[in-house]
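Read off the chains here:
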Amino acid sequence: MSTEPERGTGPRHGRARHSRGGGPPGGPGRGAGRRDDDGSSPAGENGEDSPGTGGDGGVSRRSLLKGAATLGVVGAAGAIGYGQRETLESWWWRYSGTETPRVEGEVDHAGAEWVPASGANLRRASRPRDFRVDRVVIHMPEATYPVTLRVFQDPAHRAATHYVVRSEDGHVAQMVRELDVAYHAGHRAFNERSVGIEHEGWADRPEFLTDTMYESSARLVAGICARHEIPVDREHIVGHREVPDIVRICPGPHWDWDRYIGMVREAAADAA
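Numbering of residues starts from 1 in each chain and follows the order in which that chain's sequence is written. Totals for whole chains, interfaces and linings use every residue, but because this is a predicted model, local features are given only for residues with pLDDT of at least 70 and side-chain atom pairs only at 80 or more, for both listing and counting. Only hydrogens and water are set aside when side-chain values are computed; all heavy atoms of the structure are taken into account.

Enquirer: An account of the overall build of the protein is needed here, citing residue identities and associated values.
Expert: In terms of helices and strands, the protein carries six helices and eight strands. Reading the helices (α) and strands (β) of the protein from amino to carboxyl end gives α-α-β-β-β-α-β-β-β-α-β-α-β-α. Here the protein, with 272 residues, has 52% of them falling under the buried criterion. Contacts were defined at the residue level, with two residues in contact if any of their heavy atoms lie within 4.5 Å. Relative to all contacts within the protein whose residues are 6 or more apart in sequence, the contacts with residues 24 or more apart total 74%. Here, Shrake-Rupley sampling with a 1.4 Å probe gives the accessible areas, and only protein chains in the shown set may cover a residue. Split by element, the accessible area of the protein, about 12400 Å² in all, is 51% carbon and sulfur. Counting from the N terminus, the helices are the DSSP runs of H or I reaching at least four residues and the strands are the DSSP runs of E reaching at least two. Relative accessibility thresholds used throughout: buried, under 20% of the residue-type maximum; exposed, over 50%; partly exposed, between the two (1.4 Å probe, protein chains only).

Enquirer: Just give me the short version of the pairing of strand β7 (residues 194-199), but keep the residues and values in it.
Expert: Counting buried positions along β7 gives six out of six residues, so the element sits mostly inside the fold. A two-sided burial pattern is seen for β7, the buried positions comprising Ser 194, Gly 196 and Glu 198 on one face and Val 195, Ile 197 and His 199 on the other. Strands pair, by our definition, only if DSSP identifies at least two bridges between them. Here strand β3 (residues 135-139) runs beside β7; their pairing, made up of five bridges, is parallel. Within the sheet, the bridge partner assigned to Val 136 lies in β7 and is Val 195.

Enquirer: Outline the sheet that holds β7, listing residues and values.
Expert: Strand pairing in a sheet relies on backbone hydrogen bonds, with the paired strands running either antiparallel or parallel. Spatially, six strands are ordered β1-β5-β4-β7-β3-β8 in an open sheet, and the strand pairing comes out mixed. Each edge of the sheet is formed by a strand with only one pairing partner; in this case those strands are β1 (113-114) and β8 (237-239). Relative to strand β5 (residues 172-174), β1 runs parallel, the two sharing two bridges. Within β5, the residue paired with Trp 114 across the bridge is Gln 174. Note on geometry: axes are C-alpha line fits, over the in-contact stretch for helices, and angles between N-to-C directions span 0 to 180 degrees. On top of the sheet, helix α6 (residues 257-271) reaches β3, β7 and β8; it is set at about 150 degrees to β8, its chief contact.

Enquirer: Give a description of the nonpolar core that names residues and reports values.
Expert: To form a nonpolar core, buried Ala, Val, Leu, Ile, Met, Phe, Trp, Tyr and Cys residues must be joined to one another through side-chain atoms within 4.5 Å. Formed by 30 residues in total, the largest nonpolar core has its most connected members in Val 136, Val 221, Ile 237 and Tyr 260. The element that contributes the greatest number of residues to this core is helix α5 (residues 211-228), accounting for eight residues. Each residue touching Val 221, except ones within four places of it in the same chain, is listed here: Val 136, Ile 138, Ile 197, Ile 237, Tyr 260 and Val 264.

Enquirer: Summarise the pairing of β3; cite the residues concerned and give the values.
Expert: In terms of burial, β3 is largely enclosed, as five of its five residues are buried. Going residue by residue along β3, you find Arg 135, Val 137 and His 139 tucked away on one face and Val 136 and Ile 138 tucked away on the opposite face as well.

Enquirer: Can you tell me about the side chain of Ser 118, naming the residues and giving the values?
Expert: Relative to the assigned elements, Ser 118 resides in the loop between β1 and β2 (122-123). You can call Ser 118 buried: its relative accessible area is 13%.

Enquirer: Could you give me a rundown of the pattern of salt bridges, with the residues and numbers involved?
Expert: It is possible for side chains bearing opposite charge to pair when their charged atoms get close. Each salt bridge in this description consists of a side-chain nitrogen of Lys or Arg and a carboxyl oxygen of Asp or Glu lying within 4 Å of one another. This structure, assessed with the given rule, holds 13 salt bridges. With a shortest N-O distance of 3.6 Å, Asp 134 and Arg 135 are connected by a salt bridge. Owing to a relative accessible area of 12%, Asp 134 belongs among the buried residues under this scheme. Its relative accessible area of 12% is what places Arg 135 among the buried residues.

Enquirer: An account of the packing of aromatic side chains is needed here, citing residue identities and associated values.
Expert: Aromatic pairing here means that ring centres of Phe, Tyr or Trp (its six-membered ring) are within 6.5 Å. Orientation follows from the plane angle: under 30 degrees is stacked, over 60 is edge-to-face, and everything else is tilted. Tallying each qualifying case throughout the model produces six aromatic pairs. Taken together, a centroid distance of 5.2 Å and an interplanar angle of 55 degrees make the contact between Trp 202 and Phe 208 tilted. Side by side, Trp 202 and Phe 208 carry an identical accessibility label, which is buried. Their ring planes at 70 degrees and their centres at 5.0 Å tell us that Trp 255 and Tyr 260 sit as a pair that is edge-to-face.

Enquirer: Explain the confidence of the model for the protein residue by residue, including any values.
Expert: pLDDT gives the predictor's per-residue confidence on a scale running from 0 to 100. This prediction gives the protein a mean pLDDT of 77; 64% of its residues lie at or above 70. Scored below 50 in pLDDT, residues 1-7 shows 34 contacts in the model against residues more than four places distant or in partner chains. Of the regions scoring below 50 in pLDDT, residues 13-80 engages in 119 contacts with residues more than four places distant in sequence or in other chains.

Enquirer: How would you sum up α5? Please name residues and give values.
Expert: Its 18 residues place the ends of α5 26 Å apart at the C-alpha level, agreeing with the 26 Å of an ideal helix rising 1.5 Å per residue. Restricting attention to buried positions, one finds in α5 the residues Met 213, Tyr 214, Ser 216, Ser 217, Ala 218, Leu 220, Val 221, Ala 222, Gly 223, Ile 224, Cys 225 and His 228. Tucked into the core, α5 has its buried residues touching β3, β4 (163-165), β5, β7, β8 and α6. Directly beyond the C-terminal end of α5, a positive phi value near 55 degrees is found at Glu 229. In this analysis, the expected span of each helix is defined as 1.5 Å times one less than the number of residues it contains.

Here is the structure:
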């Protein structure tokens, strides 16, 4: 499995020091070296740089076409199973250049405000047709809500989450469609399988963890889990610090996981 270089989402981006002033310490961070999108090398994004595998550990278009030909032969012989057809369909959506139709400005969460992130901070996709979504990642940006939005609209930042939740009133901004891969986890495979949510505040300042923000976030995550058939539990709803190979404290020691998961389950039951 290929991974991205370690990378945060919020203005602290990387190993920046905590700041109390509401702005990014030292400005938006940049990953070491020149990398495309979520850490892949420029030549590897479409998987056309090698005859066998793609830049994300998948398959190249050349392999996909060979697989399609093989599918026809094997399918005619009645020897291919459903799982193989499903895998080939996923590869097709991933590498064919086909994209799920979308409406500009449309949001996935009712009541969310559309505030688009820079296109440099995400990869357009057709999830779940090309990548199954089975995780929600909880973040804290170490910054205020307006600063977080501003940084995710900066193409130099090279990171963003799908949603940002404001502390004061629970207002939700959607910055990346759930269809698309946001560069939020610092781990390419995890980016492809997850939806990322920033919550305004700092890990060591529990006053930002308002009841209103918890409630709003719980409704948001309940909807995400329903749309993608994600179980509401701690295996599937995780903190950024739990992403493999990532060194983070996000969302911090004050995040009340037991309370939060209970709230998500309650919101899911109310919406059922």
